[in-house]
Amino acid sequence: MTLVAILIATLAAGIGSVWLAAGLMRLGLLSGADAGAAHIGPQHLLSLAAGALLATSFMHLLPEAFESQAGAKELFATLLVGVVFFFLLDKAELWHHGHEHHHSHGHAHGHDGHGHEHPRPRPGSWTVLTGDSVHCFGDGILIASAFMADMRLGAVAAIAVLAHEVPHHIGDLAVLRLSSRNRHAALVKVSLAGAVTALGGLTGWWLVDRLQDYLPYFLVVASSSFIYVALADLIPQLQKRLSARETAAQIAWLLVGIALVTVVSGAAHAR
(Lines give C-alpha, C1' and ligand atoms only; values in the text may rest on other atoms or scores of the structure.)
Protein backbone atom coordinates (compact mmCIF):
# COMPACT_ATOMS: atom_id res chain seq x y z
CA MET A 1 0.00 0.00 0.00
CA THR A 2 2.81 2.39 0.89
CA LEU A 3 4.64 1.64 -2.36
CA VAL A 4 1.48 2.29 -4.40
CA ALA A 5 0.98 5.61 -2.61
CA ILE A 6 4.62 6.54 -3.27
CA LEU A 7 4.33 5.76 -6.99
CA ILE A 8 1.07 7.72 -7.33
CA ALA A 9 2.43 10.70 -5.42
CA THR A 10 5.75 10.79 -7.28
CA LEU A 11 4.04 10.57 -10.67
CA ALA A 12 1.59 13.30 -9.63
CA ALA A 13 4.42 15.55 -8.45
CA GLY A 14 6.80 14.75 -11.31
CA ILE A 15 4.47 14.71 -14.31
CA GLY A 16 1.65 16.74 -12.80
CA SER A 17 3.95 19.69 -12.20
CA VAL A 18 5.00 19.60 -15.88
CA TRP A 19 1.42 19.60 -17.14
CA LEU A 20 0.43 22.31 -14.69
CA ALA A 21 3.35 24.44 -15.89
CA ALA A 22 2.38 23.85 -19.52
CA GLY A 23 -1.24 24.67 -18.74
CA LEU A 24 -0.33 27.97 -17.10
CA MET A 25 1.83 28.89 -20.09
CA ARG A 26 -0.87 27.92 -22.58
CA LEU A 27 -3.58 29.87 -20.76
CA GLY A 28 -1.35 32.93 -20.74
CA LEU A 29 -1.62 33.29 -16.98
CA LEU A 30 2.09 33.91 -16.77
CA SER A 31 2.77 37.38 -18.08
CA GLY A 32 6.39 37.84 -17.02
CA ALA A 33 8.04 39.54 -14.07
CA ASP A 34 5.78 42.55 -14.28
CA ALA A 35 2.57 40.61 -13.96
CA GLY A 36 -0.54 42.58 -13.41
CA ALA A 37 -3.08 41.96 -10.71
CA ALA A 38 -5.14 39.74 -13.04
CA HIS A 39 -2.25 37.39 -13.81
CA ILE A 40 -0.21 34.81 -11.98
CA GLY A 41 3.37 35.97 -12.38
CA PRO A 42 6.57 33.97 -11.87
CA GLN A 43 7.16 35.89 -8.63
CA HIS A 44 3.84 34.61 -7.28
CA LEU A 45 4.73 30.99 -8.06
CA LEU A 46 8.16 31.38 -6.46
CA SER A 47 6.54 32.81 -3.32
CA LEU A 48 4.03 29.95 -3.15
CA ALA A 49 6.77 27.35 -3.63
CA ALA A 50 8.96 28.93 -0.94
CA GLY A 51 6.08 28.95 1.54
CA ALA A 52 5.22 25.31 0.80
CA LEU A 53 8.82 24.13 1.16
CA LEU A 54 9.46 26.00 4.42
CA ALA A 55 6.16 24.88 5.95
CA THR A 56 6.82 21.26 5.00
CA SER A 57 10.31 21.38 6.51
CA PHE A 58 9.65 23.22 9.76
CA MET A 59 6.09 22.08 10.51
CA HIS A 60 6.23 18.45 9.38
CA LEU A 61 9.53 16.83 8.37
CA LEU A 62 11.70 18.14 11.22
CA PRO A 63 9.08 17.60 13.98
CA GLU A 64 8.57 14.03 12.74
CA ALA A 65 12.33 13.38 12.81
CA PHE A 66 12.75 14.85 16.31
CA GLU A 67 9.90 12.74 17.69
CA SER A 68 12.03 9.65 17.05
CA GLN A 69 14.61 8.12 19.37
CA ALA A 70 17.46 9.78 17.47
CA GLY A 71 19.48 12.34 19.40
CA ALA A 72 18.84 16.04 18.76
CA LYS A 73 22.56 16.75 18.41
CA GLU A 74 22.95 14.10 15.70
CA LEU A 75 19.87 15.32 13.84
CA PHE A 76 21.02 18.95 13.90
CA ALA A 77 24.45 17.80 12.66
CA THR A 78 22.71 15.97 9.80
CA LEU A 79 20.74 19.13 9.00
CA LEU A 80 23.96 21.15 8.86
CA VAL A 81 25.74 18.59 6.69
CA GLY A 82 22.71 18.42 4.40
CA VAL A 83 22.56 22.18 3.87
CA VAL A 84 26.32 22.32 3.19
CA PHE A 85 26.03 19.35 0.81
CA PHE A 86 23.29 21.00 -1.25
CA PHE A 87 25.30 24.24 -1.27
CA LEU A 88 28.30 22.36 -2.70
CA LEU A 89 26.05 20.57 -5.19
CA ASP A 90 24.70 23.92 -6.33
CA LYS A 91 28.23 25.30 -6.68
CA ALA A 92 29.26 22.27 -8.74
CA GLU A 93 26.29 22.79 -11.06
CA LEU A 94 27.13 26.48 -11.50
CA TRP A 95 30.78 25.61 -12.15
CA HIS A 96 29.74 23.01 -14.72
CA HIS A 97 27.50 25.49 -16.54
CA GLY A 98 30.20 28.16 -16.43
CA HIS A 99 32.73 25.66 -17.79
CA GLU A 100 30.40 24.77 -20.65
CA HIS A 101 29.84 28.45 -21.36
CA HIS A 102 33.60 29.07 -21.48
CA HIS A 103 33.95 26.43 -24.19
CA SER A 104 30.86 27.38 -26.16
CA HIS A 105 32.27 30.50 -27.84
CA GLY A 106 29.98 32.84 -25.98
CA HIS A 107 26.61 31.18 -26.55
CA ALA A 108 23.85 33.03 -24.70
CA HIS A 109 22.29 31.66 -21.53
CA GLY A 110 18.60 31.21 -20.81
CA HIS A 111 17.11 31.63 -17.34
CA ASP A 112 14.52 29.22 -16.05
CA GLY A 113 11.82 29.93 -13.48
CA HIS A 114 13.90 28.13 -10.87
CA GLY A 115 16.64 30.73 -10.77
CA HIS A 116 19.36 28.69 -12.46
CA GLU A 117 21.00 29.51 -15.77
CA HIS A 118 20.99 26.92 -18.50
CA PRO A 119 23.31 27.09 -21.53
CA ARG A 120 21.49 27.78 -24.78
CA PRO A 121 20.47 24.23 -25.69
CA ARG A 122 21.58 22.37 -28.77
CA PRO A 123 18.97 20.40 -30.73
CA GLY A 124 17.57 17.77 -28.38
CA SER A 125 18.38 19.83 -25.28
CA TRP A 126 19.90 16.82 -23.55
CA THR A 127 21.77 18.98 -21.06
CA VAL A 128 18.52 20.38 -19.67
CA LEU A 129 16.75 17.01 -19.70
CA THR A 130 19.60 15.17 -18.00
CA GLY A 131 19.86 17.75 -15.24
CA ASP A 132 16.08 17.73 -14.80
CA SER A 133 15.99 13.92 -14.60
CA VAL A 134 18.65 13.82 -11.87
CA HIS A 135 16.80 16.51 -9.92
CA CYS A 136 13.50 14.60 -10.23
CA PHE A 137 15.15 11.36 -9.12
CA GLY A 138 16.29 13.09 -5.94
CA ASP A 139 12.80 14.50 -5.36
CA GLY A 140 11.40 10.98 -5.62
CA ILE A 141 13.74 9.70 -2.89
CA LEU A 142 12.72 12.58 -0.61
CA ILE A 143 9.00 11.91 -1.15
CA ALA A 144 9.48 8.19 -0.49
CA SER A 145 11.34 8.95 2.76
CA ALA A 146 8.40 11.04 3.94
CA PHE A 147 5.86 8.34 3.03
CA MET A 148 7.85 5.69 4.88
CA ALA A 149 7.52 7.79 8.04
CA ASP A 150 3.84 8.67 7.67
CA MET A 151 1.30 8.72 4.82
CA ARG A 152 0.21 12.23 5.78
CA LEU A 153 3.81 13.42 5.74
CA GLY A 154 4.30 11.88 2.31
CA ALA A 155 1.27 13.72 0.90
CA VAL A 156 2.57 17.01 2.29
CA ALA A 157 6.05 16.42 0.84
CA ALA A 158 4.58 15.58 -2.57
CA ILE A 159 2.57 18.82 -2.59
CA ALA A 160 5.68 20.80 -1.64
CA VAL A 161 7.70 19.18 -4.44
CA LEU A 162 4.92 19.84 -6.95
CA ALA A 163 4.71 23.53 -5.96
CA HIS A 164 8.48 23.86 -6.17
CA GLU A 165 8.72 22.12 -9.57
CA VAL A 166 6.08 24.18 -11.41
CA PRO A 167 8.27 27.32 -11.85
CA HIS A 168 11.25 25.03 -12.57
CA HIS A 169 9.39 23.23 -15.39
CA ILE A 170 8.11 26.51 -16.83
CA GLY A 171 11.76 27.43 -17.36
CA ASP A 172 12.57 23.99 -18.81
CA LEU A 173 9.69 24.17 -21.28
CA ALA A 174 10.67 27.69 -22.32
CA VAL A 175 14.29 26.63 -22.89
CA LEU A 176 13.35 23.51 -24.88
CA ARG A 177 10.98 25.47 -27.09
CA LEU A 178 13.88 27.65 -28.17
CA SER A 179 15.45 24.64 -29.90
CA SER A 180 12.26 23.21 -31.39
CA ARG A 181 9.09 24.57 -32.92
CA ASN A 182 7.22 21.47 -31.77
CA ARG A 183 5.71 22.38 -28.41
CA HIS A 184 4.22 18.91 -28.04
CA ALA A 185 7.68 17.33 -28.28
CA ALA A 186 9.00 19.67 -25.58
CA LEU A 187 6.12 18.72 -23.28
CA VAL A 188 6.72 14.98 -23.86
CA LYS A 189 10.47 15.30 -23.16
CA VAL A 190 10.01 17.23 -19.91
CA SER A 191 7.19 14.86 -18.87
CA LEU A 192 9.52 11.88 -19.33
CA ALA A 193 12.12 13.64 -17.17
CA GLY A 194 9.40 14.27 -14.57
CA ALA A 195 8.46 10.58 -14.64
CA VAL A 196 11.94 9.80 -13.28
CA THR A 197 10.52 11.06 -9.94
CA ALA A 198 8.69 7.72 -9.69
CA LEU A 199 11.97 5.84 -10.23
CA GLY A 200 13.47 7.87 -7.39
CA GLY A 201 10.42 7.02 -5.28
CA LEU A 202 10.89 3.30 -5.94
CA THR A 203 14.59 3.55 -5.09
CA GLY A 204 13.83 5.51 -1.93
CA TRP A 205 11.24 2.95 -0.84
CA TRP A 206 13.72 0.10 -1.32
CA LEU A 207 16.51 1.97 0.46
CA VAL A 208 14.54 3.26 3.45
CA ASP A 209 12.78 -0.10 3.89
CA ARG A 210 16.19 -1.66 4.53
CA LEU A 211 17.47 1.20 6.66
CA GLN A 212 14.46 1.86 8.91
CA ASP A 213 16.66 2.88 11.84
CA TYR A 214 18.01 5.76 9.75
CA LEU A 215 14.59 7.08 8.70
CA PRO A 216 14.81 10.20 10.95
CA TYR A 217 18.06 11.12 9.21
CA PHE A 218 16.45 10.67 5.77
CA LEU A 219 13.71 13.07 6.89
CA VAL A 220 16.27 15.63 8.06
CA VAL A 221 18.16 15.37 4.74
CA ALA A 222 14.87 15.92 2.89
CA SER A 223 14.22 18.92 5.12
CA SER A 224 17.70 20.34 4.49
CA SER A 225 17.05 20.11 0.74
CA PHE A 226 13.75 21.98 1.02
CA ILE A 227 15.22 24.64 3.32
CA TYR A 228 18.22 25.21 1.07
CA VAL A 229 16.11 25.54 -2.08
CA ALA A 230 13.71 27.96 -0.39
CA LEU A 231 16.31 30.19 1.30
CA ALA A 232 19.19 30.04 -1.21
CA ASP A 233 17.28 29.82 -4.47
CA LEU A 234 13.67 30.98 -4.32
CA ILE A 235 13.59 33.76 -1.73
CA PRO A 236 16.67 35.62 -3.11
CA GLN A 237 14.74 35.98 -6.38
CA LEU A 238 11.98 37.70 -4.43
CA GLN A 239 14.31 40.19 -2.75
CA LYS A 240 13.73 42.99 -5.21
CA ARG A 241 12.60 46.58 -4.75
CA LEU A 242 8.90 46.38 -5.53
CA SER A 243 5.82 48.52 -5.02
CA ALA A 244 3.79 48.06 -1.86
CA ARG A 245 1.12 46.26 -3.87
CA GLU A 246 3.59 43.80 -5.42
CA THR A 247 5.26 43.19 -2.05
CA ALA A 248 1.87 42.46 -0.48
CA ALA A 249 1.16 39.99 -3.31
CA GLN A 250 4.47 38.22 -2.66
CA ILE A 251 3.69 37.88 1.05
CA ALA A 252 0.15 36.72 0.29
CA TRP A 253 1.36 33.97 -2.05
CA LEU A 254 3.98 32.92 0.52
CA LEU A 255 1.16 32.52 3.06
CA VAL A 256 -0.90 30.64 0.47
CA GLY A 257 1.97 28.14 0.15
CA ILE A 258 2.06 27.66 3.93
CA ALA A 259 -1.74 27.37 4.09
CA LEU A 260 -1.77 24.84 1.24
CA VAL A 261 0.58 22.53 3.13
CA THR A 262 -1.46 22.98 6.33
CA VAL A 263 -4.76 22.16 4.58
CA VAL A 264 -3.31 19.09 2.84
CA SER A 265 -1.85 17.87 6.12
CA GLY A 266 -5.13 18.37 7.96
CA ALA A 267 -7.15 16.61 5.23
CA ALA A 268 -4.77 13.65 5.14
CA HIS A 269 -4.74 13.42 8.94
CA ALA A 270 -8.54 13.39 9.07
CA ARG A 271 -8.71 10.22 6.95
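Data block above holds the structure.
Below is a summary of the structure that appears in this document. Nothing here was measured: the structure is a model prediction, and the numbers come from that model.

With that out of the way, let us pick up the overall build of the chain. On a plain count of helices and strands, the chain comes out with eight helices and two strands. The burial tally for the chain puts 44% of its 271 residues in the buried class. For the chain, restricting intrachain contacts to residue pairs at least 6 apart in sequence, the fraction spanning at least 24 positions comes to 78%. With an accessible surface of roughly 13700 Å², the chain has 67% of that area assigned to carbon and sulfur atoms.

So, about the packing of aromatic side chains. Counted according to the given criterion, the structure contains three aromatic pairs. Here the aromatic rings of phenylalanine 85 and phenylalanine 86 are separated by 5.2 Å at their centres, their planes lie at 70°, and the arrangement is edge-to-face. On the basis of relative accessibility, which here comes to 45%, the residue phenylalanine 85 falls in the partly exposed class. For phenylalanine 86, a relative accessible area of 17% gives the class buried. With 6.3 Å between their ring centres and 50° between their planes, tyrosine 214 and tyrosine 217 make a pair best called tilted. On the accessibility criterion, tyrosine 217 (25% relative accessible area) is partly exposed.

With 37 residues, the main nonpolar core has Leu53, Leu61, Ile143, Phe226 and Leu234 as its most contacted residues. When residues of this core are traced back to their parent elements, those giving at least two are helix H1 (2-27), helix H2 (42-66), helix H3 (72-102), helix H4 (126-149), helix H5 (151-178) and helix H7 (215-238). At 11 residues, the largest contribution of residues to this core is made by H7. Sequence-distant contacts of leucine 53, defined by excluding residues within four places in its chain, comprise Ala160, His164, Phe226, Val229, Ala230 and Leu234. In terms of nonpolar packing, the next biggest core, distinct from the first, is built from 13 residues, Val18, Ala22, Leu45 and Leu176 among them.

Our next topic: the side chain of aspartate 139. Inspection of the secondary structure assignment puts aspartate 139 in helix H4. Look at aspartate 139: it is buried, it has no salt bridge, and the nearest opposite charge is arginine 152 at 19 Å. Beyond its immediate chain neighbours, meaning those up to four positions away, aspartate 139 contacts Val161, Glu165 and Thr197.

On to the packing of H2 against H7. Packed helix pairs are characterised by how far apart their axes lie and by the angle those axes make with each other. Where H2 contacts H7, the axes come no closer than 9 Å and their chain directions differ by 155°. Considering their axes alone, H2 and H7 lie roughly antiparallel with respect to each other. Pair H2 / H7 crosses with left-handed handedness. Taken together, the residues that form the contact of H2 with H7 break down as 21 nonpolar, six polar and one charged.

Time to look at the packing of H1 against helix H6 (residues 183-210). Interhelical geometry of H1 versus H6 gives an angle of 160° and a closest axis separation of 8 Å. By the angle between their axes, H1 is roughly antiparallel relative to H6. You can see that H1 and H6 cross each other, and the crossing is right-handed. Contacts between H1 and H6 pair Leu3, Ile6, Leu7, Thr10, Leu11, Gly14, Ile15, Val18, Trp19 and Ala22 from the former with Leu187, Val190, Ser191, Gly194, Ala195, Thr197, Ala198, Gly201, Leu202 and Trp205 from the latter. Tallied by class, residues from the contact of H1 with H6 come to 14 nonpolar, six polar and no charged.

By secondary structure assignment, the location of isoleucine 6 is in helix H1. For isoleucine 6, a relative accessible area of 0% puts it in the buried group. Along the sequence, isoleucine 6 and alanine 146 sit 140 residues apart, while their C-alpha atoms lie 9.3 Å from each other. In this structure isoleucine 6 touches Ala144, Phe147, Met148, Gly201 and Trp205, once residues within four positions along its chain are discounted.

Below, the discussion takes up H1. For an α-helix, the turn length of 3.6 residues means that residues three or four places apart are oriented alike. Taking 1.5 Å per residue, 26 residues should reach 38 Å; H1 reaches 36 Å between its end C-alpha atoms and fits that length. Of all the bends in H1, the largest measures some 30° and sits at glycine 16. Buried within H1 are the following residues: Ala5, Ile6, Ala9, Thr10, Ala13, Gly14, Ile15, Ser17, Val18, Ala21, Ala22 and Leu24.

Criteria and cut-off values
Residues numbered from 1 in each chain as written. Predicted model: local features only at pLDDT ≥ 70, side-chain atom pairs only at ≥ 80, totals over all residues. Heavy atoms only, no water. Helix = DSSP H or I, 4+ residues; strand = E, 2+ residues; numbered from the N terminus. Buried < 20%, exposed > 50% of the residue type's maximum accessible area, 1.4 Å probe, protein only. Contact = heavy atoms within 4.5 Å. Areas by Shrake-Rupley, 256 points an atom, 1.4 Å probe, with all protein chains shown as cover. Phe/Tyr/Trp six-rings, centres within 6.5 Å; stacked < 30°, edge-to-face > 60°. Core = buried A, V, L, I, M, F, W, Y, C linked by side-chain atoms within 4.5 Å. Lys, Arg positive; Asp, Glu negative; His and termini not counted. Salt bridge = Lys/Arg side-chain N within 4 Å of Asp/Glu carboxyl O. Axes fitted to C-alpha atoms, helices over the stretch in contact; angles between N-to-C directions. Parallel < 35°, antiparallel > 145°, perpendicular 65-115°, else oblique. Left-handed = near helix turned anticlockwise from the far one by under 90°. Nonpolar A, V, L, I, M, F, W, Y, C, P; charged D, E, K, R; others polar. Expected span 1.5 Å × (residues − 1). Bend = angle between axes of the 7 residues up to and from the residue.

Functional significance is not addressed by these values, which are geometric in nature.
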